[in-house]
Structures are given as C-alpha cells and as structure tokens.
Amino acid sequence: MNKTFDFLYKTFFTIIIIFSTIGVILGDLKGDFDLNAIIIIIIVTLISLIVFFIFDKKPIFLIVTIITMFLVSVIYNEYYNEKFILLINSINDFLLWAQDFINNKAIFNNIYFNIFLILLTIILSLFIYITVFKFKRMYPLLISVTSFFLYRWFWYQNSAFNYYYIFIFSVFSLYTFNRLKSKFIDWKREKKDDTNYKSKYLFIYSFIVTLTIILIAFILPKDNPPIKWRWMDDKVQTNFPQVTEWRNNLKKSQGYGKNLEFDLTFTPYQNQERTLGGNIEINNQLVMEVESDRPLYLKGIVKDEYTGSYWKSEEDQVKEYQSNDDIDIEKKNLNSYTELEYEVNHINLTTSTIFSSYIPIKINYDEVYYSSDEYEIYTNKVILSEDGYSVKSLIPYFDKNKVDIDYEKNEKYLKLPDTVTQRTENLSLELTKDMPNDYEKMLILQNYLRDNYSYSLKPGNEEYDDFVDNFIFEKSEGYCTYFASSLAVMARTIDIPTRYVEGFITGDKNEEGKYEVYSENAHAWVEAYINGYGWMVFEATPAYSIPDNLPNTNEEETEDDFTNPESIQNNESKEKQLEEMLEENYNSKQENTDSKDQNNNKNNPGNIFLRSSFYIILSLLILIISLFLYIFVKENIDNKNFKRYDSKEKAKGYYKKILNILAYLGYQKELGETDIEFIKKVDINNKANSDLKYFIDIYIKTIYANQDLDYKSEKNIQIIIDNLSKEMRDKKGTLKYIIQKVYNKRSI
C-alpha cells in the first residue's frame, strides 16, 4: 500500500461521508442537492484535503498564510476603506442570509448557497482530515456524525436514515483500511507469514459484514409506539421539556398518540393503573388554562369496561381529521343543543389528549388529530404549552318530555364482571323501582350516592373483591373514582348504558377571565345514554355541583356551577404569583426597550468585524485550552497505564515513540524492512546513531529473547528519546517539536 493509494482511498470515502452529511443538512432547506452541489463538494473536498496535507507537513505555510491574510486585511482596511467596509457588509449579509437559510426563512440566493456549500465542505473536510488522516481515529467521526444524524431524524427528517446507511458503510470501509494497514506493518515487523491475508479477501469480507449490518438496521421496525413509563415521563419532561419535541411528529405510528393519552394515573387521584382507590395526597399544580363563557367538564378519556378493580377501554373506531374539519357526530335532535366555543392551553401536562366538553364538532389545532366514536381526541405528539387549541362543542340541554323508554341498547356499555355482587343490583333495583324512565332512574341513583356517602381523600387502603361493593356496603366514604364507579355500575345493573369518564373540570377564573385548571381539578364522572339525546353527564360526587341539563332560561351563567372542594385554593398565593408574573413581564418589556439602541450599534460594520474576530479568537482559545486539558488528562492516564505494562509492551511503546520522531526527521520505515536494517540507514549524528543501535539491541533482546527491561535500561531509553526530540527541535523548529510531543503522548 503506497502513500498515493492511501491518500486517494481515504479521499474517496471522505467525499462520500461529506456527501451524506451535507445531504442531511440540506434535507429540510430550500437548496437543491443537485449535480452542481455534488461537483462543488468533490472539488472543494479534494482541494481542502491537499491544502490541509501541506499545512500538516509544512506548518510554516499555515503560519505564513494566516499572517498574510491578516496583513492584507489591515492594508485593505487602511488604504481601501470603502471597499473593505463593502466587503464586511457583504460578509455580514451572507451571515444573516445563512442564519435565515438554516431557519428556512431566507429567499434562495444561488451565489450565497454555493458559498454556504463551500464553507460547509471545508469545515467537514478539516474535521475528517484531523480525525482520519492525521490521528487515524474513527471514533470521533463516528460518534459526532451519528449523533447529528439521530438528531435530524428525531426532528422529523426520515431521509437521515438513508444517508446514514451511506455514511456508516464509508466509515466501516475506512476503519477496515486502517486496520489492514496497521496489521501489515505489525506482521512485517514480527516477520509473520501474511500470504493468507490478501487485501482483496479482507475487503470482500468487510464489505459483506458491513452490508449485513446495514441491512439489519434497515429492516428493523422504527415506528413502534413508546412504552408507558409515567414516572420517567414526568421526571424527564418536567426537567427537560424540550425532549417532548424529539421525534414528536411521527405520523406513521397512530399508536404513539394513543400511548400518551390522558387518564387519572397522570394525576394524584389514581396511583396505580390497575387499581382504583386508596389514600391519596394532592400535589397541586397548574396544568391548563381555559377560556370559556361557562365552566366545563373537559373529557380526556372514556372507559367502558369495568373489571372489578379498575376501568379500561376497548378499542374504538378512530378517524383522522385536519384543523377545522367537521367531526362526525350522532345527529339526533340537534335542536336540543347549543353551541359553545372555548380555548385550551396546556401548561404542566404531558399528554397527547385534546380535551373537549360534551360533543365536539370542530377543533382548531395545527396538527392532524384523531377522534373516536366516544369523542376521545388525541394527536400523534405531546401537546406543548405553546400549542393551544380551540374547540367548538354542542352542549345538550335536556327536555324530559322527549324521553323514549324503549330502544335498542349497546351491550358494550352494559357489561359487568362476575365480581359485581347481587346486593349491589338489589339496592339499585329497590331505589329505582318506581321511576318511569332511565333519566329519572339516573337522578335517583346519583342523589342517593350524594346524600348517603361522604367525601374523603383518606378512605383507607383495604383489599377488596369488588371495588364498588366495598365502597357501597363497607367503606361509605371516598373521592370521585369511588362515586363515579359506583354510579356507572349500579346503573348497568338495572340495564342503563353508562361509561366512566376521566378528565378535568374548570376551576376558578383568574384576573384575565380564564379558568385555571389545577391538578386537583382532575375528576371522574359518569355519562349515561338517554335515548333521543345521547350521552349525558351525571355527577355522583357530593363535593361537586350537579350539572344543569334542563333548558337554559337564564342567560347569566354563574361561575359556581362546578365547585371543587377536593382542596381549598390559596387565593393569596395565587395573587402573589400573578403579581410576580406581571412584574417579570414588565421588566422583560423594559429590557427589550433598552436593548433597541444597542441593536442599532451592533449592525455597524466595524463592530461586526470586531465581534467576529472576538468570537473566532475566543473559540480558538477554548479549543486550545480543551486540547491541552485533554492532553494533560490523557498523559496522566497513559503514564499510569504504561507503568503497569510488562517489558515487551514497554519496549513496543518506546519503539513507537522513536519511529514517530524519526518520521518527523524524514526517516520512514519501509514495508518489509527489518528493524536492524531500518536503524542502520538512519544517519543523524554519531551520538544519535550510537544511541539508536543501543536501543534496537535492547528492543530485540526484550521482544525476541524475552529479556526483562531493567530500570537502568529504561532510563537510558527515555534519555535517548529526549535527545532525539531535542535534535528534531533544532532541525525542524519549535512548532514541529511541540506537535511531535503531543503526538508521541497519544502514541504510548
């Protein structure tokens, strides 16, 4: 493998890596990744790698180039000031355009786009040259670019995966090449027979392995819905809310939104997903704000199957809707409804659920959403605090004169498990035996629970065979899940279709006239099907007011229609929070006003040049400091590890250091050349030549004769390495000496 082939091979795959990376960068931008872009990438990559190679081998050229550019800038500014300012303004215009271009806000400019592409290619070429060509380290390239590709994929760019397959194939190819080259050198040095290790066979094998890995990655499913882990969701998304946007828009997986649908396990009212009841504590937190003309029951999820210990949902038919589409509803007696529009903004709530009241008919939301037959509505992404939505609903008012007694009932809402006791059914029958229709029966059951059972957040944690039976006949106190479950089950025992609903009720209004909904306002209630009017809300929990289903003759709505004594609001605390919020807003506005004058000064061309220079110098300083810290830490770790090496490993380490120094002095060990032959051809000076022969004699005895490397010999070798380094500093200059010292510290 000669140096030309080495350089061309790495250059070829460097171009492919840059091609795939820029393809991802431009994936969501306006620039076309056409033949012109490909030609620019190829030409600029070739030129960049050649220039970097020259600067690497002859650092004096880099220093001369930097000094020349600086002097030209100074002279140009001094004697051609107007043109210099024009140049600075052009650079500033390009930078502003590039910023807007990255944010997809700029008008496409072909010249600026080509410059952007050239700069991007140069930056990537420099990074690859340093990692692959210079230090022959694939891991920095693999980790950094893989992280970038994953980042772009999480931000909805599906093409990132396709480009990643190209990238990973190129990286594996470069890694194989580097390993092969390293092995050939080791085999020749150790005089091993390498006739069975033909290059073409190794490349074929590597190609098959790489292709297999890529194909496996390609066929693996990528759209599985996430596993529910509520505790982790709350912790991560409370502390790092930005992660809720990661891959948050994956429309291919409708199950994604369904898995993040709201239920009471998001709140303090249900600690376990498959167990109702138990003592609870309210940790109050503002979860949403609602702008509405009247208080509302905000439906989150409907559960239709009672198991004896909890409620669950059967799979429903789901339809997809766009913003402001008309939602399909059961069109019966719509003259008994009135329309209401309201707006909802999530604040501290991690869910994909769109909350609605009664019968939603239209939703204004920027994303695709899904609605079930039960008007459960959710999206394919977590609804963030800045993503509010508005809903138009039909609010029913009940006319008892239109009740139909006989109708075909849906068995889905009548099913009960074997755990429901006979005494529960007997009680329900006894209470409702004189009632003429389902509506009157529901009122009797509702009022019975409200009048005979007390509200408590500490009902105890006893075990039970059936949750409802235990509450009605044994416990006699509880909170909303107890009352709603009991009403729904008791109604089903007398053949009334019911369903169990979880969501929120609106709380108190703030000074802006919006309802503040806290975690304490989470609630469970019952919807019963009343023939001719659909699903109607019934409230069995005594801590809440009964919703008004009668015809609305009074236009004035009171804000006390729904009350929530589950915990008492601290009004003084709220007022204090509001004052602090208003003060922060005022200070923010004042800061924005004060900063206008500063922004005018920032656009001055001279300031732009100074700021740019400052940021460049600061970045270089940070880079240099980071590099020296890395070298310092790595040197300490390597020295500790080196002390634990056996004699052979130490001898190889010292030999590698000497080979690096000799390479800087212009002496390269050829492939197939023995160690003694190589040392004999080195001619620095008499002392250095004698030291090298002394070292190679010790090296051969240590490696091949298993002779221990004693303390005196090791000290002498270290002195030889120091003398060779000084010799290189005298002949090649201080800069080469520093680079060699850094490189030798990495090569132990």
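I will try to describe carefully the structure that is included in this document.

The rules we used
- Residues numbered from 1 in each chain as written.
- Predicted model: local features only at pLDDT ≥ 70, side-chain atom pairs only at ≥ 80, totals over all residues.
- Heavy atoms only, no water.
- Core = buried A, V, L, I, M, F, W, Y, C linked by side-chain atoms within 4.5 Å.
- Buried < 20%, exposed > 50% of the residue type's maximum accessible area, 1.4 Å probe, protein only.
- Helix = DSSP H or I, 4+ residues; strand = E, 2+ residues; numbered from the N terminus.
- Contact = heavy atoms within 4.5 Å.
- Axes fitted to C-alpha atoms, helices over the stretch in contact; angles between N-to-C directions.
- Parallel < 35°, antiparallel > 145°, perpendicular 65-115°, else oblique.
- Nonpolar A, V, L, I, M, F, W, Y, C, P; charged D, E, K, R; others polar.
- Pairing = 2+ DSSP bridges.
- Left-handed = near helix turned anticlockwise from the far one by under 90°.
- Polar contact = N/O pair within 3.5 Å; in protein donor to acceptor, adjacent residues only side chain to side chain.
- Arc of directions from axis to C-beta.
- Phe/Tyr/Trp six-rings, centres within 6.5 Å; stacked < 30°, edge-to-face > 60°.
- Lys NZ or Arg CZ within 6 Å of the ring centre and 35° of its normal.
- Salt bridge = Lys/Arg side-chain N within 4 Å of Asp/Glu carboxyl O.
- Patch = residues over 30% accessible without salt bridge, like charges linked within 9 Å, V, L, I, M, F, W, Y side chains within 5 Å.
- Areas by Shrake-Rupley, 256 points an atom, 1.4 Å probe, with all protein chains shown as cover.
- Lys, Arg positive; Asp, Glu negative; His and termini not counted.
- Charge placed at Lys NZ, Arg CZ, Asp CG, Glu CD.

A look at the nonpolar core
Logical step 1: With 77 residues, the main nonpolar core has Met288, Leu449 and Phe504 as its most contacted residues.
Logical step 2: The element that contributes the greatest number of residues to this core is helix 14 (residues 480-493), accounting for nine residues.
Logical step 3: Beyond its immediate sequence surroundings of up to four residues, Met288 is in contact with Leu298, Val344, Asn345, His346, Ile347, Leu349, Phe355, Phe504, Tyr515, Glu516 and Val517.
Logical step 4: Core analysis: the second largest hydrophobic core is formed by 41 residues, Ile16, Phe52, Phe116 and Val132 among them.

Regarding the packing of helix 2 (residues 35-57) against helix 3 (residues 59-79)
Logical step 1: Where helix 2 contacts helix 3, the axes come no closer than 4 Å and their chain directions differ by 110°. With respect to helix 3, the element helix 2 is oriented roughly perpendicular. Each of Ile54, Phe55, Asp56 and Lys57 in helix 2 lies in contact with helix 3, whose residues at this interface are Pro59, Phe61, Leu62 and Thr65.
Logical step 2: Residue classes in the contact of helix 2 with helix 3 are distributed as five nonpolar, one polar and two charged.

Describing the sheet that holds strand 10 (residues 389-396)
Logical step 1: Read across the open sheet, the five strands follow the order 7-10-6-1-14; overall the sheet is antiparallel. Edge positions in the open sheet fall to strand 7 (359-364) and strand 14 (515-518), since each of these has one partner strand only. When strand polarity is set aside, the average angle formed by the axes of neighbouring strands in this sheet is 30°.
Logical step 2: As judged from the eight bridges shared by strand 6 (residues 337-346) and strand 10, these two strands associate in the antiparallel manner. Looking at the pairing, Glu343 lines up with Ser390 of strand 10.

Observations regarding the packing of helix 2 against helix 5 (residues 110-134)
Logical step 1: Contact pair helix 2 / helix 5: the axes reach a minimum separation of 8 Å and the direction vectors enclose 45°. With respect to helix 5, the element helix 2 is oriented oblique. Crossing of helix 2 against helix 5: the hand is right-handed. Contacts between helix 2 and helix 5 involve Asn36, Ala37, Ile40, Ile41, Val44, Thr45, Ser48, Leu49, Phe52, Phe53 and Asp56 on the former and, on the latter, Asn114, Leu117, Ile118, Thr121, Ile122, Ser125, Leu126, Tyr129, Phe133 and Lys134.
Logical step 2: Of the residues that constitute the contact of helix 2 with helix 5, the class distribution is 13 nonpolar, six polar and two charged.

A few points about the side chain of Ser292
Logical step 1: Considering the arrangement of structural elements, one finds Ser292 in the loop between strand 1 (286-291) and strand 2 (297-303).
Logical step 2: Here the side chain of Ser292 touches Arg294 through a polar contact of 2.7 Å, landing on its backbone oxygen.
Logical step 3: When neighbours within four sequence positions are excluded, Ser292 is seen to be in contact with Leu340, Tyr342, Lys509 and Tyr515.

Describing the sheet that holds strand 15 (residues 522-530)
Logical step 1: One open sheet holds the four strands; their spatial order is 2-13-15-16, and the pairing between them is antiparallel. Either end of the sheet is taken by a strand with one partner, and the two such strands are strand 2 and strand 16 (534-538). Here the strands of the sheet are splayed against their neighbours by 40° on average, with no regard to which way each runs.
Logical step 2: Of the strands in this sheet, strand 13 (498-505), strand 15 and strand 16 are in contact with helix 14, which crosses strand 15 at around 15°.

Here we look at helix 11 (residues 422-432)
Logical step 1: Of the positions making up helix 11, those classed as buried are Thr424, Leu427, Ser428 and Thr432. End-on view of helix 11: buried residues confined to an arc of 110°, all on one side of the axis.

With respect to the pairing of strand 10
Logical step 1: With six of eight residues buried, strand 10 lies mostly within the body of the structure.
Logical step 2: As judged from the five bridges shared by strand 7 and strand 10, these two strands associate in the antiparallel manner. Bridge pairing in strand 10 links Asn364 to Ser390.

As for the packing of aromatic side chains
Logical step 1: Enumeration over the complete set of coordinates arrives at 38 aromatic pairs.
Logical step 2: Residues Tyr321 and Tyr369 carry aromatic rings whose centres are separated by 5.7 Å and whose planes lie at 20° to one another, so their mutual orientation is stacked. With Tyr321 in strand 5 (residues 318-321) and Tyr369 in strand 8 (residues 369-372), the pair connects residues that are 48 residues apart, well separated along the chain.
Logical step 3: Take Tyr369: its relative accessible area is 0%, and that puts it in the buried class.
Logical step 4: Here a set of aromatic residues connected by ring pairs shows up, and it is made of Tyr448, Tyr453, Tyr464, Phe467, Phe471, Tyr479, Tyr482 and Phe483.
Logical step 5: Between the NZ or CZ atom of Lys10 and the centre of the ring of Phe133, over which it lies, the distance is 5.7 Å.

Comments concerning the pattern of salt bridges
Logical step 1: Going through the model one piece at a time under the given rule, you end up with 19 salt bridges.
Logical step 2: Put simply, Glu305 and Lys312 hold a salt bridge, and the shortest N to O gap is 3.9 Å.

A closer look at the pairing of strand 15
Logical step 1: The element strand 15 is extensively covered by neighbouring structure, given that nine of its nine residues are classed as buried.
Logical step 2: The side-chain alternation of strand 15 yields two buried faces, one formed by Ala522, Ala524, Val526, Ala528 and Ile530 and the other by His523, Trp525, Glu527 and Tyr529.
Logical step 3: In terms of strand pairing, strand 13 meets strand 15 through seven bridges, oriented antiparallel. Its bridge partner being in strand 15, Phe504 is matched across the sheet by Ala522.

Remarks on a negative patch on the surface
Logical step 1: A cluster of acidic side chains, namely Glu291, Asp293, Glu343, Glu511 and Glu512, defines a negative patch on the protein surface.
Logical step 2: Take Glu343: it is sitting in strand 6.

Some details on the side chain of Thr121
Logical step 1: Relative to the assigned elements, Thr121 resides in helix 5.
Logical step 2: When sequence neighbours within four positions are dropped, the list of residues in contact with Thr121 reads Ile18, Ile22, Ile41, Val44 and Thr45.

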